[in-house]
Amino acid sequence: MVKRAVAVVVLAAGQGTRMKSRLPKVLHAVAGQPMLRHVLDVAATLKPARVVVVTGRDQEAVAAAAKPAVTAIQHPARGTGHAVMAAMPALKGFGGDVVVLYGDTPLLTPALLKNLLAMRRHKSDPAAVIVGFRPDDPGAYGRLIVTPKGQLEKIVEYKNASAEERAVRLCNAGLMAFDGARLPALLKKLSDRNAQGEYLLTDVVEQANARGWGCRVVEADAVEVMGINTRAELSLAEAAMQQRLRQAAMAAGVTMTAPDTVYLRGDTAFGRDVVIEPFVVFGSGVSVGDDVTIRSHSHIEGASIANGATIGPFARLRPGAKIGTDAHIGNFVEIKNAAVEPGAKVNHLTYIGDARVGAKANIGAGTITCNYDGFDKHHTDIGAGAFIGSNSALVAPVKIGAGAMVAAGSVITRDVPADALSVARGRQEDKPGLAAKFRAIKAAKKKTKT
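Owing to the predicted nature of the structure, the values given are computational and were not obtained by experimental measurement. Numbers given for residues are sequential positions, taken from 1 along each chain in its written order. Whole-chain, interface and lining totals are the exception, using all residues; otherwise, since this is a predicted model, local features are given only for residues with pLDDT of at least 70 and side-chain atom pairs are given and counted only at 80 or more. Side-chain descriptors were evaluated using all non-hydrogen atoms of the structure, hydrogens and water having been removed beforehand.

**Q** Explanation requested: the packing of aromatic side chains in the structure shown.
**A** The description of an aromatic ring pair rests on the distance of the ring centres and on the angle between the ring planes. Side-chain rings of Phe, Tyr and Trp (the six-membered ring for Trp) are treated as a pair once their centres are within 6.5 Å; stacked means planes under 30 degrees apart, edge-to-face means over 60, and tilted covers the remaining angles. If you walk through the whole model with that rule in mind, you get three aromatic pairs. Ring centres of F314 and F332 lie 5.0 Å apart, and the angle between their planes is 15°; this geometry places the pair in the stacked category. Note that F314 is positioned in the loop between β20 (310-311) and β21 (316-317) and F332 in strand β23 (residues 328-340), a separation of 18 residues in sequence. Burial here depends on accessible area, computed with a 1.4 Å probe over protein chains only, as a share of the maximum for the residue type. Under 20% is buried, over 50% is exposed, and the range in between is partly exposed. Given a relative accessible area of 39%, F314 falls into the partly exposed group. Taking NZ or CZ as reference, R166 lies 4.0 Å from the ring centre of Y158, over its face. The positively charged end of K377 is found above the aromatic ring belonging to Y372, 5.6 Å away from the centroid. Secondary structure counts use DSSP, requiring at least four H or I residues in a row for a helix and at least two E residues in a row for a strand, with both numbered from the N terminus. To sit over a ring, a charge needs its Lys NZ or Arg CZ within 6 Å of the ring centre and within 35 degrees of the ring normal.

Printed below as a string of C-alpha cells:
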C-alpha cells in the first residue's frame, strides 16, 4: 500500500431529533464514552495529519468533546456533501487521502479503516471508495450497484430503485475515502436539485465516473457500521460494544462466570487470571492487576486494584480508590479517594473516604471515616498493622499510629499513638431489676387504658 498522508473528516452536525434529547446525538455515550469520542479514537489509528469535525451552529459541547481536532461549522445544514464542503477550508493545501466518517457510528474498527485506505490506494486509483454492508433486512437503504469488474457504477436510493436494483443486498454505509487532490472538483459539481434540496455526498460517485476516475467498494460487517438515530438503536450499540469488550477481556486472560451480566468501559484495563463474578459494573478509569477476584454485585470506577486483591461482593470503589496487593475489600464496603495498602482488610459494612489504610491493618465492621465537616474534606491516616474495632467512628483529621488498637464502638477525635490501645466510649452502667420494673409499669398503664 502506497504511503500517503491521511486527513479525517467526521460529520457530527446532526441534532438527532429522534433521540428526543437536549444532548447532541454524537455526545450520547456507548460504554461510558461519547459516540464521537469512539469515532475519533478509531480514526487516530490512521495517524492522520489533519482531523476536522463538522458541527452545527451553537454546538459548543460537540466542539469541546472533539478537541484537539479542528472544528468546522455547517450552517445551515444542507446535506452530507455540504458538510464536507464546510470542512474544506481546514483541508486547504492537503493532497493526500481524505476519509469521511460519521460521529454516530461508535462501532467502527481500525481494520475497516485500514481496508478502506488500502482500496483507495489500489493500483486502479479510484477517486472515491464507499463502504458497503449486507444487512439482514436491506429495507430502505441505498443500494450499491457494482459491475462484474468491481467498479461502483452508482448508488441508488431505495425509492428510486428498480425492482432489480432493490434485490441487490449490498447497501450504502455512508463512510468514504477520497483522493484529496480530486475531492474539490467532485464537490464543486454537486447539486441541490433533488427531492431533499440538499448536496448529497453520494452523488460524487456519478461525478467521478463521469470523469473516468472510477469508484470502488469495500465491505464491512453490518454491526461495525451501525449508525445511531434513536435510543433503541443506542441500546443495540451498547449491547454490541459490551459483547466486543467482554470477548477482548476474556481473550486476554480474564474469567467471567456470567459475561452477559458484566458491564465494561472501553478503557477498563485487566491483568491476567482475573476472575469476575456475575453482575459487576465498571465505570471509567479502572485498572485491575493480575490474580484479582471481583465478586458479584460490585461497582468500580476510577480505581486501581493491585495484584491478588479480592473485591466484594457488593463492594463499591469510587474514584481515587487504590487497592494494594493482596488487600481484601468485602461486602457493603465503600472506598473513595483512599489507599488501602498491601494485605490490609476492610471486610464489611465500612466507609473509607479520604484516607490511608496501612499495610496489614484490619478495619472492623461498621467503621466510618468521618471525612466531611459540612464544608471541607479531611484525611484519616491508619498506620500499618493497626486494628480498628467494629462500629468505630474516626473523626478526621486524625492519625492512628502503626500497630495501634481502637476498641469497638469508639469515637476517635484525636491522634492515637503507635501501639496504643484507645477506648473512646461511654461507661456502661447496669441497674439490676430495672428492666422488669419498667415492663411492669408499662403493663399497668396499658391495663388502666383498657
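Having seen the structure, we can now continue with the description.
**Q** Looking at this model, I keep getting lost on helix α4 (residues 110-120). Mind explaining?
**A** Residues spaced three or four apart along an α-helix point in a common direction, a consequence of the helix completing one turn every 3.6 residues. Where α4 is concerned, the buried positions are L112, L113, L116, L117, M119 and R120. Taken around the axis of α4, the buried residues stretch over an arc of 160°, which confines them to a single face. It only takes one pair of heavy atoms within 4.5 Å for two residues to be counted as in contact. Of the surrounding secondary structure, the elements contacted by the buried residues of α4 are β1 (6-11), α1 (35-44), β6 (97-102), β7 (128-133), β10 (171-179) and β11 (215-220). As used here, the arc is the angular range of directions from the helix axis to the C-beta atoms.

**Q** Just checking my understanding: could you explain the pairing of β11 for this structure?
**A** Moving residue by residue along a regular strand, the side chains alternate between the two faces of the sheet. Across the six residues that make up β11, a large majority, five, are buried. The pairing criterion is simple: DSSP has to find at least two bridges between the two strands. Where β7 and β11 come together, six bridges link them in parallel fashion. Its bridge partner being in β11, V131 is matched across the sheet by V218.

**Q** I would appreciate a short explanation of the environment of R193 in the present structure.
**A** Inspection of the secondary structure assignment puts R193 in the loop between α6 (183-188) and α7 (204-210). The exposure class of R193 is exposed, given its relative accessible area of 80%. C-alpha of R193 to C-alpha of A61: the two residues are 132 residues apart in sequence and 33 Å apart in space.

**Q** Is there a simple way to think about helix α8 (residues 231-251) in this case?
**A** Expected span of a helix: the number of residues minus one, times 1.5 Å. In this model, α8 (21 residues) spans 30 Å end to end at C-alpha, consistent with the 30 Å of a helix rising 1.5 Å per residue. For α8, the full list of buried residues reads L234, A237, E238, M241, Q242, L245, R246 and A249. Structurally, α8 contributes buried residues whose contacts are with β2 (29-30), α1, β12 (254-256) and β13 (269-270). Positive backbone phi, approximately 110°, marks G253, located one or two places after α8.

**Q** It is not clear to me how the nonpolar core should be interpreted in this structure. Could you clarify?
**A** Nonpolar side chains tend to gather and get buried jointly when the protein is soluble and globular. In these notes, a set of buried Ala, Val, Leu, Ile, Met, Phe, Trp, Tyr and Cys residues joined through side-chain atoms within 4.5 Å is what counts as a nonpolar core. If you look at the biggest cluster of nonpolar residues, it comprises 69 residues, and the most contacted ones within it are V9, L36, V99, L101, V131, F178 and L201. Excluding residues that lie within four positions of it along the chain, F178 makes contacts with G96, D97, V98, V100, R120, A127, A128, L183, L186, L201 and V204. Counting residues in hydrophobic clusters, the runner-up holds 56 residues, among them L107, L245, I305 and I382.

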